[in-house]
Amino acid sequence: MAAIRQRQRSVHWLLPLLPALLALLLLGLLVVATDRIVGSELARRAEYRVEQTAQQYADRLERVLARRAVELELVALLAATDVPPDLLRSELGRLKTVTNSYVWIGVTDLRGTVRLATDGILEGGSIEQRPVFVNGSQGLWFGSFHPPKALIEPLQRANLPVPKELADLAVPVVGANGLLQGVAAAHLDAAYFESLRKEVLGPESAQRSMQLALLDDKGTLLQGALQPEMGERWFYSLAAQPGKLLVHEGTDGRRHVLSRVDVSPADSSLRPGWQVVASQPLDAALLPVVQLQRTVLLLGSMAVLIMGAAGFWLSRRLARPYSQMLDAVADQLGPQTTDTPDTYLRVIAEQLRRLPKPGAGSTPGEHLLAQVLYDTSRLQAVLHNLPAPVYLVDDDFRVVFWNLACEKVFGWSAAEAHGRHVTEVLPSATGARERDAIRAEVVAGRGPWEFMGHILRRDGSEMWGEWRLIKVVGVDGRSFGVMAQVHDLTAERHEREQGEVFAAVIDSASDAVISVDVEGCISLFNPAAERIFGRPAHTMIGQNLDILLPGDDREHHSGYMHRFADSRATTRPMAAGQVRGLHANGQLLELEASISQVTVRGKKLLTAILRDVSERVRAEQAMARYRTELSDLAQRLLDQEKVTTHRLAQTLHDKLGQTLSATRLSFDVFSRRAIEQLEPRQQERLRSIGHMIEQAVHEVRQALVELRPPLLQELGLQAALDNEVRVRSIESESVVLTLEVGTDAEGLRWPAEVEYAAFMIAREATGNALLHASASSIELHLDGTPDELRLRVSDDGIGLHDSLSFGRPGHLGMVGMRERALAIGGQLLVQGSPSGGTVISLTWFRTRGDALPVPVVEHPSQTASNP
C-alpha cells in the first residue's frame, strides 16, 4: 500500500506543475524566436536604412552640385554674348536669391579681373592668383570647403552674413570663336550642405545613434560626425569594398553598420571628390528587440505563475474522486496485499458489483459509479444533439434511439419512430431488394457497412444519403443492435443535377462560352467555341486565352481582365461590346462579347460569352462603303448640278438676257416711231408684242433667281435666306414667314457647298409648306458654330404622315433634300411637330479637311449697291 500512497502524492504534486512547465517552455521558445526572427529582421532593416540614408544624402548632393554647375555654365554662356552688363548683373542677383546655397557669383575677364558680381562684391578686383580662376579657366572645376578669407571684409561692408566655410565652383567663359574670355565662378555656402545632411538624417528621436558624415577622398571629415568607437580600420575596409555594406567591430567591441557612397553627379563632368558615410551601432538598432524580450519575460512570468496556481487548484479538484477511490481500494486490500494491476482491477470490479443505487449517504465508490452513469448520460446527450442523423435499431431492426437531426431530416419525431420497423419509417424509393441484401449482411457480419440510399421522407419527398452502419456489441459479444449514421446528399445531388443541366445548356448554346482564371488560363471551352475558333476543346483546356486573340490585342488584354476582376462589377460588355478574335486558320473574327465573374472555392473565374458577327460586320462595313460611295456620288452630282446651274445662269444672263434687252430697246425705238402710222388693230398687235417681250425679260430674271440664289455667294447663307423670306412673303401675303438667326451664328460663313445645300433645302422645304401644308406661318431658324450648322424649317400646317417622311410617290422634293444633306455629310430629319405641322431639320458637323467659316464683312460697294 506504500506504493499506492506514493503514486497518489506524486499525482497530487506533479499534475499541477504540468501547465506551468508547459507555459515556461513556451516562454523560452518565444524569447528565442523573438531574438532570432525579430532581431534578424531589425538587423536587416537597419542595414537597409543605413544604406538608403547614405544613398539619399549622396543623391541630394549630386543633384545640387549638378544643378549649380548647369546654372554657372548658363551664366558663362550669357557672359560670352553681347548681353548688357546691367542685365547680366540682375540675372546673377536673381540666381542668388533663388537658392540660399550661393554666397557669391561673379564673372571675370581674361586677366582675372572681376567684371560683374552679385551685390557688387569684388568688382574691379583681381582673383588671378586664386585657385578658382586658375583651375576654372581650364574647365569645370570644384573646390572643397575652405574658410572665406577674401570675402570676409567685403561681406561685412555689404552687411551680408559671413559663412564659416565655402566651396568653389568655376567654369571657363568661351567666346563664339572658341577663345577663352574669362571665368564664371561661384562660392557655395557649406551651411547649405549641412542643412541637407540634417534633413536626410531626420529628427534626433528617430536616428537611434545613426551618424551621417561627408568626407573627402582622403577620408578627412568635412561635415557631420562618425561613431567615436569605430576606430580607424573601417575606412580601409570600406575602400577595399566600395559600394558594399560593412559590419565593423569597433574598439569597444560594439558592432557598427557602415555604408559609403561616392558623390559623382550623373550626366556631368563635375567630380567633387566627396564621399558619404552612414553608420549606426547594431545594438541601438536592436534596442526594440531587447525591450520586447523584457516585456515578454515579464508577462510570461506572470502567466506561468497564474497557470501554475490555476493548474494546482484544478488538478486537485479533478483528482479528488479518484483519490477517494484509491483510498477505498487501499482500505479493502489491506496493508499486506501485493499491489499488482490484476489485484487492483479485481478489487475495483468487486466494489462496483456490490454498490447500491446512488443516493444519500453514498460511499466514495458509489459516488464514482454515479459519475460513470453521469458520463453515459452525457454521451447520450451528445448523440442526441449531433448535427448529422443518428439512430439505433435492435436486432429486429426496430428503432430504439432517434436523435433530433433524424426528426429534422426524415420528418418523424422520436416518439413516433420508437418501436417502428426501419422500413416503415424509412421506406425505399427504389424497391426493397437492395436493402434486404444489406440487412442480411448486417445479421451475418460485424461491419461496418456503407451504402448509398434513396428513401422517402414522411411528407413523401425524396431523399438521397450515405448510410454508415456499425453493429453494437456488448462485453460478452452479444449484439445489442445496429447504429446508423446518415449523411444527407439530397442538396448535393440536386446541385449535381443542376450542374448537368447547366453543362448541357452550355454545350448546346450557339454562342461560345469560355471560362478562364485571372491569369487567362482556360478551364471551359464549349462546342460553339470549337466551331467559332476552329480549335478542339481538349487542346484548349489549360491554354492561355492569348492564343485566341490577334497579336496586337494581347498586350492590353491581360490588364483589362485584372481590372475587371478587381472591380465590383459582376458582368459588363467587353470593350465597346465588340472584340476581335483569331481563328485557327489565321482569319480575324469579329465577336460580340460580354464578360462576367464569379468566385468558386475562393478562386475568381471569368466567363466570356462570344457571338460570331463577322458576316454582319463585313456586311455593315460594305454598307458603310456603299453609303460613302453614294455620298461621294451625290456630292459629285450636286457639284455637277451647281456647275451646270451656274453655266446655265451665266448663259441666260450673258446671251439670252442680253438679246432680250437689245430686242426690247429696238422695239421701244421702233414702236414710238411707227405706232402713229399704223392702224388701230395693228397698234394693238404691236402693244401685245411689247408685253410678250416684257414677260420674256421677267421670266429670264426669275429663272436667274431660281438658278443662282441672290446674295448667297457674295454675303452668305443668312443674307440669302433673309432675301428668300422677303420674296416669298411678297408672293404669299396670307402666310407669315419669319427668319430667326442664333447669336452664335451671326456673321458666320460656312463652306460654299454647305451653304448652297442648306439654302436649297430651306427653299424646297418652304416651297413645300406653301404648296401642300395649308400653313398660316412658316419659321426658318438658323444657328450654329464655326464647326456646326443647324437649320430648321417648321410650319403649323396639316402635318406630314410618318409614311410620307421619305417623300410622296411621284414627288422628288424630299428625295432631293436628303441627297443634298447626304452630299455634304449632314443629317436630315423630318418629323411632326407636337403642336401640329411639320419640322424639317438639317444638322451638319465639320469634319477634318473642311474649310473654316469666315465672318461676313460687308464691302462698302456692296452696301451701296444693295441698299
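Summarised in this report is the structure supplied together with it. These numbers come from a predicted model, not from an experiment.

### Section: the pairing of strand S11 (residues 390-393)
- Here four bridges tie S11 to strand S15 (residues 479-488), and the two strands are oriented antiparallel to one another. Paired with Tyr391 across the two strands is Ala484, which belongs to S15.
- Inspection of the sheet shows S11 paired to strand S12 (residues 399-402) by three bridges, in the antiparallel sense. Bridge pairing links Tyr391 to Trp402 in S12.
- The hairpin formed by S11 and S12 contains five residues between the paired strands, and Phe397 there has a positive phi angle of roughly 60 degrees.

### Observations regarding the pattern of salt bridges
- Scanning the entire structure with this criterion turns up 27 salt bridges.
- Residue Arg197 pairs with Glu194 through a salt bridge whose shortest N-O separation is 2.7 Å. Linking Arg197 with Glu194, this pair stays in helix H5 (residues 190-201), spanning three residues, or about one helical turn.
- According to the relative accessible area criterion, Arg197 is buried, its value standing at 9%.
- Overall, Glu194 belongs to the buried group, its relative accessible area being 18%.
- Two residues, Glu620 and Arg616, come together in a salt bridge whose shortest N-O distance is 3.6 Å. Here the residue Glu620 and the residue Arg616 both occupy positions in helix H19 (residues 614-674), the gap between them amounting to four residues, near one helical turn.

### Structural notes on a nonpolar patch on the surface
- On the surface, Leu22, Leu25, Leu26 and Leu29 cluster together into a nonpolar patch covering about 420 Å² of accessible area.
- One can find Leu29 in helix H1 (residues 2-79).

### Quick word on the environment of Ile121
- Examined against the element boundaries, Ile121 turns out to sit in the loop between strand S2 (114-117) and helix H3 (131-136).
- Owing to a relative accessible area of 5%, Ile121 belongs among the buried residues under this scheme.
- Considering only alpha carbons, one finds Ile121 and Leu155, 34 residues apart in sequence, at a separation of 7.5 Å.

Quick notes on the rules
Residues numbered from 1 in each chain as written. Predicted model: local features only at pLDDT ≥ 70, side-chain atom pairs only at ≥ 80, totals over all residues. Heavy atoms only, no water. Pairing = 2+ DSSP bridges. Helix = DSSP H or I, 4+ residues; strand = E, 2+ residues; numbered from the N terminus. Salt bridge = Lys/Arg side-chain N within 4 Å of Asp/Glu carboxyl O. Buried < 20%, exposed > 50% of the residue type's maximum accessible area, 1.4 Å probe, protein only. Patch = residues over 30% accessible without salt bridge, like charges linked within 9 Å, V, L, I, M, F, W, Y side chains within 5 Å. Areas by Shrake-Rupley, 256 points an atom, 1.4 Å probe, with all protein chains shown as cover.

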